[in-house]
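# Structural features, examined
In case you want the letters, here they are:
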Amino acid sequence: MLRRLFPSRPERRRWKPSLSMLLISLIIVLLTNSVFYYYTKNRMTRELEERLQLISDVLTVSIEHARAGEKHVEDLIGLNLRSVSIAAQSQLPADIEQVSNEELQTLSRQLMVDHITLMKRQGDDIVGYRSSDPKEIGMSTKDWRGDWFKAFNQLLDRKETQVPSGQALPNYWSGPINTSMTNPSSVDKWGYYHDGSTNYITDPFVHDTHLRSYQRDTGVDAFIREMTREDRLNAASEITVYNPPTFLKEQEQYRKDGFTWFSDREILFGSYTLKDSRDASSVREVMRTGQKQEFTTVLDGHTYLKMFIPLGLEYPAVIGLTADYEPILDWVREQQTQLTLLIGSTIFIGLLTLFLSARVMSRSRERTAESVQEVYTDKIDDLFRSMKEQRHDFNNHVAALSALVQLKQYEELTRYTEQLTEETHALNDIIQINVPALCAIVQAKLIESAQRKIRFTHDVENLSGANLGALKATDLVKVVSNLLDNAFDAVSASPRSDKHVRLTGRLADGRLQFVVANNGEPIPMAVRERLFEAGFTTKTESGDHEGLGLSIVQSILSRYKGQIEVHSSEAETRFVLSIPV
């Protein structure tokens, strides 16, 4: 009556858990979104970093290969300049005083080089004395850095040229490609020849167009252009190979001489347009630690990831990789929005389903209580019937024992008592297995063995300590049942009179171990190798055998990482299986 008079209070009480669940759902959404955002962003960033690292590794190999190719091209140019030197010397007087600059201009055009300069000693210096290029005349070389002045002296002294750099050949040395001292806007390749037949060094040189074209078309710059193409998937926006000694000194050479040597250029390869104030400190840290550095930055309203990696070359170099970070942020935001909608929809549907289910359960609660009461009454009746049956059997056994005592048939009394004891022991043995499904199999096989006149013994220790949560009872029944069926069929086909099947089982060292043995005919080795193949059978007496029993056993054991072994001899055939629990 009270529920009908005051229905509003239960309704208010039901709203409290609903509000709590709604609050919990909101917290779950927020936490899931946050975790997803940071996890996905970090994962995508790691993938981008791995791609940039791969570009760096490939670029290192590309630089090494390109340097080898460039060295080959440079040596070919140097070899050609030596031939030009010999050809020029053969057409010029041996005395430099007899050579005119106009003659050198004509000769350079004939030999197809840009210019030819003749160099001679003047005091402690070696100067350009005659040249087709007016800028070379009077040029001093004693203050040239590197190996140049030392190589010139060795040539004039008729010694073998021994300097670390350049290309040394008989009576000849070619300096590495570099900025022209007399024309800093030009990068040239020179050759210097002196065989002692003249009082000067013959110096033909060419502007470096061939090597620069090679670098542009097939060298490192070509690779960088390919990796920074706009239509290339996952390409870097910009690749810069820094020359740290120059980059970190802020072009001291420029402030001193008014130009930067080609070998001292700030950027060795690539371009440097996406600049950040932290670039220099990152390059410095890479050189100090040998570890990569990275940071995100916003340039012109666009987010980039900048990574600085040391290049494993014979000279100091750092690669700067700048990648567009906006696609990652946009993708993560889009996925986060979709995830929010998905989780929100799922929670809404779940709450709605829970609300409707609660309403349905509330309406059916009384009907359920009535049905439970009926079932309870039925079970009490079954319990009383079972007690009456047990009392009836007990009375019969007592009456039989009493009659045998009164008749003084003590031998019959002994046999009757032994039979009751055997039944009790058999029941106790089965109960002690402590796995209901396995108990049922053993009981069924005991009945079958009596019908087929087979002696079936079992010794299964108490398995109460086994954790069979992962091992389903149905799978355990399939394994043991199939092995026992095969054993029963094997001894039935044997001509022996004493047909025996034995089942043992125990828990040892964290493994469930069973042995099914029979004294039927031994299994040949060739048959043993195929026992667990699906469809293979040796039972040809009827068409009921499909050869699937042992293959089912094998598949179940594989699922639980178990093992099975077969041992067969004239005396006995045993299937030994082991399953971790």
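Our subject is the structure listed above.
So, here's what we can say about the structure. (Residues numbered from 1 in each chain as written. Predicted model: local features only at pLDDT ≥ 70, side-chain atom pairs only at ≥ 80, totals over all residues. Heavy atoms only, no water.)

Right, let's talk about the overall build of the protein for a bit. Within the protein one finds 15 helices and 18 strands. Residues counted as buried form 38% of the 581 residues belonging to the protein. Summarising the internal contacts of the protein: among those between residues at least 6 apart in sequence, 59% fall at separations of at least 24. (Helix = DSSP H or I, 4+ residues; strand = E, 2+ residues; numbered from the N terminus. Buried < 20%, exposed > 50% of the residue type's maximum accessible area, 1.4 Å probe, protein only. Contact = heavy atoms within 4.5 Å.)

A word on the sheet that holds strand 10 (residues 267-270). What the 5 strands build is an open sheet, ordered 10-9-13-12-11; its pairing is antiparallel. The two strands at the open ends of the sheet, each matched to only one other strand, are strand 10 and strand 11 (293-299). Neighbour-to-neighbour, the strand axes of this sheet turn through a mean angle of 20 degrees, independent of strand direction. Of the strands in this sheet, strand 9 (238-242), strand 11, strand 12 (302-310) and strand 13 (318-324) touch helix 9 (residues 279-289), which is tilted by about 25 degrees from strand 12. (Pairing = 2+ DSSP bridges. Axes fitted to C-alpha atoms, helices over the stretch in contact; angles between N-to-C directions.)

Right, let's talk about the pattern of salt bridges for a bit. Counted according to the given criterion, the structure contains 14 salt bridges. Two residues, E533 and R530, come together in a salt bridge whose shortest N-O distance is 3.1 Å. (Salt bridge = Lys/Arg side-chain N within 4 Å of Asp/Glu carboxyl O.)

So, on to the side chain of T198. Looking at the secondary structure, you find T198 in the loop between strand 7 (192-193) and strand 8 (201-207). T198 gets classed as buried once you look at its relative accessible area, which sits at 10%. In this structure the side chain of T198 is engaged in a polar contact, spanning 2.9 Å, whose partner is the backbone oxygen of Y200. Excluding residues within four positions of it along the chain, T198 makes contact with Q89 and A94. (Polar contact = N/O pair within 3.5 Å; in protein donor to acceptor, adjacent residues only side chain to side chain.)

With a phi close to 60 degrees, R158 is a non-glycine residue in the positive phi region. Of note, R158 is situated in the loop between helix 4 (148-156) and strand 3 (167-169). Relative accessible area serves as the criterion here: at 47%, R158 is assigned to the partly exposed category. Of note, the phi angle at K561 is positive, near 60 degrees, even though the residue is not glycine. Locating K561 in the fold gives a position in the loop between helix 15 (549-559) and strand 17 (563-568). For K561, a relative accessible area of 70% translates into the label exposed.

Turning our attention to empty space enclosed by the protein. Taken as a whole and assessed by the stated rule, the structure comprises 1 cavity of 30 Å³ or more. When its volume is computed, the largest cavity comes out at roughly 40 Å³. Looking at the lining of the largest cavity, the elements with two or more residues in it are strand 9, strand 12 and strand 13. (1 Å grid on protein atoms, 1.4 Å probe; cavity = no way out; pocket = protein on both sides within 12 Å on 5 of 7 lines; lining within 4 Å. Points joined across faces, edges and corners; volume = space filled by probe spheres on them.)

The buried count for strand 16 (residues 511-518) comes to 6 of 8 residues, which makes it a mostly enclosed element. Across 8 bridges, the pairing between strand 15 (residues 500-508) and strand 16 is antiparallel. Its bridge partner being in strand 16, L507 is matched across the sheet by L512. Once strand 15 ends, the chain turns through 2 residues before running back antiparallel as strand 16, passing D509 with a positive phi of about 55 degrees.

Core analysis: the largest hydrophobic core is formed by 32 residues, its most contacted members being L483, L484, V501, L503, F514, F575 and L577. Looking at this core, the element that brings in the most residues is helix 13 (residues 473-492), giving 8 residues. Leaving out residues up to four positions away in the same chain, F575 has contacts with L483, F514, V515, V516, I523, L531, F532, L550, I564, E565 and V566. Counting residues in hydrophobic clusters, the runner-up holds 30 residues, among them L48, I63, F223 and I239. (Core = buried A, V, L, I, M, F, W, Y, C linked by side-chain atoms within 4.5 Å.)

Below, the discussion takes up the packing of aromatic side chains. In this structure the tally under the stated criterion is 12 aromatic pairs. A ring pair is formed by W144 and W148, whose centres lie 5.9 Å apart and whose planes are at 85 degrees; its orientation type is edge-to-face. For the residue pair W144 and W148, the accessibility class agrees, reading buried in each case. Measuring from ring centre to ring centre gives 6.0 Å for W144 and F152, while their planes differ by 65 degrees; the resulting arrangement is edge-to-face. Given the relative accessible area of 0%, F152 is considered buried. Put simply, the rings of W144, W148, F152, W173, W190 and Y192 pair up and form one aromatic cluster. (Phe/Tyr/Trp six-rings, centres within 6.5 Å; stacked < 30°, edge-to-face > 60°.)

Considering the arrangement of structural elements, one finds K306 in strand 12. Judged by relative accessible area, which is 2%, K306 ranks as buried. Side-chain polar atoms of K306 contact the backbone oxygen of L274, separated by 2.6 Å. A distance of 3.0 Å separates a polar atom in the side chain of K306 from a polar atom in the side chain of D279. Setting aside residues up to four positions removed in sequence, K306 forms contacts with L274, K275, D276, D279, Q293, E294, F295, T297, L321 and T322.

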